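Take a look at the letters that make up each chain.
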Amino acid sequence: MENKEKYELITIIGPTASGKTSLAAALAARLDTEIISGDSRQIYRSMDIGTGKDLADYMVGGKKIPYHLIDICNPGYKYNVFEYQHDFHKVFESIKAKQKIPILCGGTGMYIEAVLKGYKLLDVPKNKELRDALKGKNLTELEKILATYKTLHNKTDVDSAQRAIRAIEIEEYYKKEAPGKNEYAPIHSLIIGVQIDRELRRAKISKRLKDRLDEGMVEEVRKILKAGVHPEDLIYYGLEYKYLTLYVTGQMTYEEMVSQLEIAIHQFAKRQMTWFRGMERRGFTIHWVDATWPTEEKIEQTIQLLTANTK
């Protein structure tokens, strides 16, 4: 039973290619509010096509919807959930001060859950000894090690060895420095989940990948590398940046890159849904809407849920 306390936030979640951003922007236009991104890769400047920023979605009826936590770091930097939580709260409070209800929109489950639950997080330093011990292990081996930990960690985005090593490093640090919960108060949010049929999702992912390659995603990666970002640092971000970097640096053919990347994105979308289903088991109420519904219908359902909880 969901509590009847007034909502402080609207959260829109869903797997990649489900149409979250366009829904959030249309809803923000209706409510005259602003969007906070909940995407762990859209925070990087220059990484536009590969992360699917789709900034055109933020134009609704000729009006630009204000968005936050997109393009805040340079590529190569390793931003983390600890930093996200702090950056989120600054923006969250500033939008609330305008007497508006912010909209959080994204597919990075750990980022979203961390701010909604108010987890107390630690700024985890590098552990050279551990990194040296794990060096040389492949991603499958590292994932097996990561699976032995019981604590909450973002396994959704772990699709490169560097990210897996960082995840293990975090888990090891938390074993010794247990932070407990609630550095920030939990946020009472209306959560809307955009549900998309598996076959439709697969078709949309495949089409979107082709479109992004046509839009110049390979050239985008070449430019980032030319600007001085080390290939390993780009591979760290996974998915498009992992496979395109391997192609651009001659470690993969174009056909191998497209084929393996497509499979990886499908697997990523599946992991996102697994995370969201896990959120429901951990006590979150998610109101699911069908991706194929007209935008207006999704908005009406959201507003009905919002007003039903207003005292």
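The preceding data block contains the structure.
Cut-offs and rules
- Residues numbered from 1 in each chain as written.
- Predicted model: local features only at pLDDT ≥ 70, side-chain atom pairs only at ≥ 80, totals over all residues.
- Heavy atoms only, no water.
- Helix = DSSP H or I, 4+ residues; strand = E, 2+ residues; numbered from the N terminus.
- Buried < 20%, exposed > 50% of the residue type's maximum accessible area, 1.4 Å probe, protein only.
- Contact = heavy atoms within 4.5 Å.
- Areas by Shrake-Rupley, 256 points an atom, 1.4 Å probe, with all protein chains shown as cover.
- Lys, Arg positive; Asp, Glu negative; His and termini not counted.
- Charge placed at Lys NZ, Arg CZ, Asp CG, Glu CD.
- Core = buried A, V, L, I, M, F, W, Y, C linked by side-chain atoms within 4.5 Å.
- Pairing = 2+ DSSP bridges.

### Quick look at the overall build of the chain
- Counting its secondary structure elements, the chain contains twelve helices and eight strands.
- Each of the three principal axes of the chain carries a C-alpha extent, and together these read 55 × 50 × 35 Å.
- Relative to its 311 residues, the chain shows a buried fraction of 51%.
- Contacts spanning at least 24 positions in sequence make up 77% of the contacts within the chain whose residues lie at least 6 apart.
- Accessible surface, the chain: about 14,800 Å² in total, of which carbon and sulfur atoms supply 52%.
- The averaged location of the 44 negative side-chain charges in the chain is 2 Å from the averaged location of its 48 positive side-chain charges.

### Observations regarding the nonpolar core
- Of all hydrophobic cores here, the largest spans 64 residues; its most connected members are Ile 36, Tyr 84, Phe 88 and Leu 234.
- It is helix 11 (residues 254-281) that provides the largest number of residues to this core, a total of ten residues.
- If we ignore the near neighbours within four places in the chain, the residues touching Leu 234 are Met 47, Val 221, Ile 224, Leu 225, Val 229, Tyr 241, Lys 242 and Thr 245.
- In this structure, Ile 12, Leu 190, Val 194 and Ala 291 belong to the second largest nonpolar core, which totals 24 residues.

### Remarks on the pairing of strand 7 (residues 189-195)
- For strand 7, the buried fraction is high: six of the seven residues fall into the buried class.
- Two elements, strand 1 (residues 9-13) and strand 7, share five bridges in a ladder whose sense is parallel. Counted as the bridge partner of Ile 12 is Ile 192 from strand 7.
- Both strand 7 and strand 8 (residues 286-290) contribute to a ladder of five bridges, which runs parallel. Residue Gly 193 lies in a different strand from strand 8, and its bridge partner there is Trp 288.

It is worth stressing that arrangement in space is one thing and function is another; only the former is reported here.
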